[in-house]
Amino acid sequence: MSTATRANPYIEVEGFKVPSSFSPSSKLVFTLNRTRYQLSPARGDDIDLTLLEFVRSKGFTGTKLGCGEGGCGACTVVVGKHDNRPSSSSSSSNKAPYRYKSVNACLLPLIAVHGCHVLTVEGIGSSEDPHPIQERIGKLFGSQCGFCTPGIVMSLYATVRNGYGHLTEEEIEHSLDGCLCRCTGYRPILDAAKTFATVKSSTSSDASSTDSSSQSELQTPSDEGQDPLIDLATRISCPKGADCCQVKGTSDGKAGCASSSTNAAAPHSTGVDLSTLKAYEPGTEIIFPPYLSKPSYDKQDLIFVEEKPEVGEDLEAEEVEGGNVATGGTGREPAARQVWIRPGSLETLVECMKLYNGAGAKIRSGNTETGIEVKFKHMRYNVSIFVSDHLEELAFYRSTPEGITIGANLALTDVATNLKKDSNKDEYPVQVRKAILENLGYFASNQIRNVATLAGNIATASPISDLNPVWVALGAELYFIDPSSDSRQEQSVNMRNFFLGYRKTALPQGAILTRLFVPTVQEPAEKERSFVQAFKQAKRKDDDIAIVNGCLRMTVAADGVITDAHLAYGGMGPTTMQSKQTEAFLVGQRLSDPGTLNMALELLSTSDFPLSFGVPGGMPVFRKSLALGFLARFWGRITKQLSLEFSSETVPSLEELAEAHLERGVTKGSQDFEDVAVKQPSGSSVPHLSAMKQVTGEAIYIDDMPPVADELYGALVQSTRAHAKLIKVDPSEALKMEGVVDYISAKDIPEGGSNIWCPPAMDDVFFAEGEVHTVGQVIGVIVAENKRLAQAAARAVKIEYEDLPHILSIDEAIEAQSFFKARPVIHHGVSPDHGWDEYEHVLEGETRMGGQEHFYLETNACLIVPGKEDNEIEVFSSTQNPSETQVFCASILGIPNNRVITRVKRLGGGFGGKESRTISLAAPMTLAAYKLKRPVRCMLDRDEDMLLSGQRHPFQSRWKIAFSSSGKLLRLDAKVYNNGGWSQDLSQAVLERAMFHIDNCYNIPDLRVAGFICKTNTMSNTAFRGFGGPQGMFICEDFMVKVADKLGMQVETLREMNMYKEGEETHFNQKLIDWNVPTLWQQIKTSAEYEKRRAEVDAFNASHRWKKRGLSMIPTKFGISFTAIFLNQASALIHVYHHDGSVLFSHGGTEMGQGLHTKMAQLVATELNIPLGMVHLMETSTLTAANTSPTAASASSDLNGMALKHACDQLNQRLAPFRKEGGKEAWAKAVHDAYFNRVSLSAVGHYKTPDIGYSWETGRGDPFFYFTQGTAVSEVEVDTLTGDHRIVRADIHMDIGRSINPSIDVGQIEGAFTQGYGLTTMEETLFLNNGQLATRGPGNYKIPAFLDTPEDMRISFLKGPERKMEGLRTIQTSKGVGEPPLFLGSSVFFALRDAIKSARRQNRLEEEEVFVLDSPATAERIRTACEDPIVRLASKGTERKPGEKGFFVSIF
Ligand SMILES: Cc1cc2nc3c(=O)[nH]c(=O)nc-3n(C[C@H](O)[C@H](O)[C@H](O)COP(=O)(O)OP(=O)(O)OC[C@H]3O[C@@H](n4cnc5c(N)ncnc54)[C@H](O)[C@@H]3O)c2cc1C
Ligand code: FES
Ligand code: FES
């Protein structure tokens, strides 16, 4: 370290020169929950961490890693900062000079928290003393698997802490936009969250642009507002609001709400005594640490130099399509030491950039872009210069009559806050601000906007940036300082001249953006008026990157002539694009002349954006339709504002078009909890037993387990090729890296061990040998001291491939006849050669349904702990299948099964994705641990997981159906194909279930269905909730709508007319007993007011051109039982401890959020007649329950419940002589007495499902023990110009027998419905032509988010005397509920189809009888299916040329 002198104003810190204002012993100071930290590399502290890595390393494992890319919110923490500057969100009415904001800890660099108070979920409460947010989410059923829960709690915490007393329901709903939950379907979380709203909701359109910035208009913690307990009680579900009997009580003193027995609109009873929940008292919040309450932290110049170089990264990594990086670089060079510099002023920033510009210094601000580059593109920045809104000179907002000036590094939340507060009310400035806010409103999430900056967005120059088109259209002036220039004066460039090409700008290398000036002065010419509007369309509303966005600006003279036009678009080319040719044409044209608009659209389509069929980014017709549609909508708005008459053939009803965007209201709904409940002495709607641990971060998942002594980390080396010979695999460079311990491959499998696995076909391998068959296939494992190092070393393994031809889609497989061996057939009632020409109508068609990524929030994880003796090994795995894990972890080593124990505490979601594929991670890690005799841990990153774990099978069917003119279905012949991927896994069973469900609920007397499993080079597809059932039923409902189209009848009439009746036989010859579907159908028809709403929807559609509504009512029956008969068994173990009578039980099922353990605990307590608190389950383990079936097929409560009952029966029998009454004391005494009489207090139970077993040879025998049945009615509204939709209302009516826990079952129904909705609407798996999976994380693959929930969702159960259940022989006559409701989510798909049909009719396509809509009905498919003149115009030039391939490949 050198000293600064007058001559030399610099010092040197660990070899790095910096201005003398920097402290050579810089310390990073912050408080984490209640602990103060002062970190410095000199003391061995690592600063080059994300905040997530740091908090987890300190044991705060409540904060989870779900994606690492800012897309799921599982890592959300809250960061408090002293700040009373006028530009910040806290300033307006905040009484305290600090503010708390939610951030994604997975992206935030640790350096960003200097001077801050960081709060994790553990910091605000515990299960003993929860924060009211934690308590309400936990007790009101807002947590199932719990992996998303801490992030949601903290996201809500920031909102409530900043705004309590002033929050509306809309604000609360929108504040959760950065979080995903895969289990709950969001409704219970929203209900719990909205209890913190004290201001009446409005459903204004402004709601959509609400973000945390709106909190600036709110006050910080205060006790203003209503009594929170009154809020709470009146806001939970009950349609009666303040008159709810939960609040008021009933006049006759009866239970009121709870005893109501109406169906769809039944009031709630959550089983929770609301008055026992804590009130929110802002004054009790953890305080902002006083020592951090000074602005001086911002002004400190800090430098942190890495103690020693860490990992040699692969600087030669080659970026491949799809954004992933292929291995093959050197990885040899030890990296230079890394340094983080945090200047405290603009002056020192400029100085540092000058010093390190040549060394490739990188400014890192919100790190939402650079963080992704480091994590996923493996970029390495040796000199990172942290710049954020701590620099006052770069974080301000100024409004003058000439325009708005925004500091470059003002966080986007604060940009929005200031825009909203701006008092300039002139028309044009208001329009300008609205345009910016329009695109800011849907920009990423709260967590991202809270840190992301304007400069970061501009400098990234992304072609789909949401803001850059706005700056270009508005002609904003960008100011910057070039540190290498002598003057260091600000220079500027107009945004219209800024973008030069793909991620290329006019900015000099190393330039520092300082501010952006947005002019708001009207054109000088008299009576000219300027108009501006911004647009964005994405796959999903919440937190999504745009498909196309734009900002359009035009000036119109008093005579209606256009005098200026700037049409800027994102998503239409390699950079933000200006429509130069259209703009040039428009100037001088008359606005009201229809020819002007027609020509402008034509030019946009053919000259400015002539996208070809194979254009990078795909979707040419959709993207062009959006670009054209935005212009049309803008035109409509201007002509309306100028009161001009306008009519156009190409764009009819322009005025309506201008206003036709969708407005979403606040969600509401009802859940029917009580009347179906089994009366458990232990309580019926008991909250999930782990709920309070989950909401407080105390619940432990695999990667939360504290490190085991000597632990190593294993990282997978995965194939980057779809199909290739492995010429050479060379780990030598990786092995040279310090801290890398070994490379493990098939060669390490000991004698007697096997590389082959995956029943029933046993055609998979743990490690590729000689050939790889899919991208992502495991080739080897690098084992190293830590995760970062292991992953870097895995990338350094050199692999040489020789590519072989690959097959991706079902079509390609059929053409190549690439099938696996199994070819099941079900043949019912017709001879194969029976003629088809005898029928009145025969329709042939195809149905295609895409796959689905499980997207459990916890990725696959395991920890393998080898024992010291006898080859014993403990396998902690996030698996649904402990026994199979045990079998194959033993078989890879060639050791007996009795040496391996699988242990599973809980899973962060499974949905079938962890039924078999977890083993492909656990077994290789077991081999590594065995060889190295050290524990090995691995939790896959999201992208690795999506490659490795397979998905729901894409399906295709080619069918032929005969029917009468009246609509009677007569005969079906269907070939059903699923895409199995490269190995069979469970594809055959999935296919068979699809074939069993192809009748859905309809009697088709002659039915032949043949199945084929396509062998392709995609990942091996696997189980997913519904297991082929939804695909089979979807095929059915698809031909049903097409038959109805053909006959010109309502499909609901067709469904009703062909519905099975009690006692009829299915096509697999199973007699339908307890057939409740017709009753459910009639009941929901009444309760959902189907007929009335049908008429309303038709009337709506007749009076709207650009908005259409659709309505659909569908039934479902889902067969319960594993189709592999041997799996229909379970065992359980119960120990009763004589000393206190407490009961420990165990069974074979795993807890993955579905509440299985809670139900089983209720059951044991009920059977033994003791309080629930006396029973406990520690974990699922092969030690306590052997030979278990996977937790799957919706049968786990049935099977394990019966096994437990068997054990309880034995205990009750043995204890009977000692126990004369129920209750705790009598039990304890009986147990004590029995023990001293030497009676065994342990019991093993076993159960097998009776009377099932289907023979594929004879077609006889029942495959299913019973059917869970249901119906749903969904109504949607579609913006036909963009393909956007909202679910207006969804009613779900289910027969689930008698429920063990109705609240948990409601959660299963809502969650399954939402997954089914995602499956059939927005979840689209896409590949690139080279076989890479393009959709690998939440950025590209969209699951439903908070704002996708139905606005009105009503769940009800079949009950009362009409419910048939005489034949039901299940535990407490309950029914499996996990999978059956999933298919009902497709009611949204069919409602969308109904809306599209109406649009097509209006677009004169009515002569076409049948139209095709593949699943999922994405915005793209919806928009293009409407086929209006804009779509037709946009289609021009996008025709496929011979040999041309689309950019993306759908593999259905
Ligand atoms: C989950 C997620 C969702 C997103 N959604 C959207 C979206 O909806 N719309 C959208 O447009 N973008 C989106 N983005 C992209 C990104 O968030 C934005 O581009 C953001 O504005 C970047 O700001 P930042 O401060 O985080 O930049 P950083 O990542 O810190 O930096 C980005 C670039 O800007 C440079 N930079 C930063 N400040 C300066 C400065 N003062 N002078 C010179 N260069 C500077 C950096 O050197 C770097 O090259 C999303 C990103 C994520 C992770
Ligand atoms: S883990 Fe950070 S957002 Fe997903
Ligand atoms: S509870 Fe939300 S992901 Fe499981």
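Preceding this section is the structure that the text describes.
Read on for an overview of the structure. All figures in this text were calculated on a predicted structure; none of them were measured in a lab.

1. Topic: the site of ligand 1
Lining the immediate surroundings of ligand 1 are 32 residues, of which I363, S365, T368, T453 and D466 lie closest. G366 has a polar backbone atom sitting 2.9 Å from an oxygen atom of ligand 1. Contacts to ligand 1 include T368, whose side-chain N or O atom sits 2.6 Å from an oxygen atom. Notes on ligand 1: free accessible area 980 Å², of which the protein chains cover 92%. In terms of residue count, helix α15 (residues 454-460) provides more of the shell around ligand 1 than any other element does, 5 residues in total. Per-class residue counts for the shell around ligand 1 are 12 nonpolar, 12 polar and 8 charged.

2. Let's talk about the pattern of salt bridges
Considering all chains together, one arrives at 79 salt bridges under this definition. Between K101 and D389 there is a salt bridge, and its shortest N-O distance comes to 4.0 Å. Residue K101 is located in strand β6 (residues 98-104), and its partner D389 is located in the loop between β13 (383-386) and β14 (397-399); the two are separated by 288 residues in the primary sequence. Each member of the pair K101 and D389 is classed as buried. The partner of D1045 in a salt bridge is K1397, and the shortest N-O contact between them spans 2.9 Å. Of this pair, D1045 sits in helix α29 (residues 1029-1047) while K1397 sits in helix α37 (residues 1386-1402), and the two are 352 residues apart along the sequence.

3. Considerations on the sheet that holds strand β11 (residues 339-342)
What the 4 strands build is an open sheet, ordered β8-β11-β13-β12; its pairing is mixed. Of all the strands in the sheet, just β8 (302-305) and β12 (362-364) have a single pairing partner and so form its edges. On average, each strand axis in the sheet is tilted by 20 degrees relative to the strand beside it, whichever way the strands run. Sheet analysis places β12 next to β13, joined by 3 bridges and oriented parallel. Bridge assignment links I363 to a residue of β13, and that residue is I385.

4. Some words on the side chain of S877
Relative to the assigned elements, S877 resides in strand β37 (residues 873-877). Taking the relative accessible area as the measure of exposure, S877 reaches 1% and is therefore buried. Apart from residues no more than four positions distant in its own chain, S877 is found in contact with I702, A861, C862, T885, R903, V904 and T918.

5. Section: the pairing of strand β48 (residues 1242-1248)
Side chains of β48 alternate between two faces, with A1243, G1245 and Y1247 buried and S1242, V1244, H1246 and K1248 left unburied. Two elements, strand β44 (residues 1129-1136) and β48, share 7 bridges in a ladder whose sense is antiparallel. Pairing of I1134 across the sheet is with A1243, part of β48.

Rules of the game
- Residues numbered from 1 in each chain as written.
- Chains lettered and ligands numbered in written order.
- Predicted model: local features only at pLDDT ≥ 70, side-chain atom pairs only at ≥ 80, totals over all residues.
- Heavy atoms only, no water.
- Near = heavy atom within 4 Å.
- Polar contact = N/O pair within 3.5 Å; in protein donor to acceptor, adjacent residues only side chain to side chain.
- Areas by Shrake-Rupley, 256 points an atom, 1.4 Å probe, with all protein chains shown as cover.
- Helix = DSSP H or I, 4+ residues; strand = E, 2+ residues; numbered from the N terminus.
- Nonpolar A, V, L, I, M, F, W, Y, C, P; charged D, E, K, R; others polar.
- Salt bridge = Lys/Arg side-chain N within 4 Å of Asp/Glu carboxyl O.
- Buried < 20%, exposed > 50% of the residue type's maximum accessible area, 1.4 Å probe, protein only.
- Pairing = 2+ DSSP bridges.
- Axes fitted to C-alpha atoms, helices over the stretch in contact; angles between N-to-C directions.
- Contact = heavy atoms within 4.5 Å.

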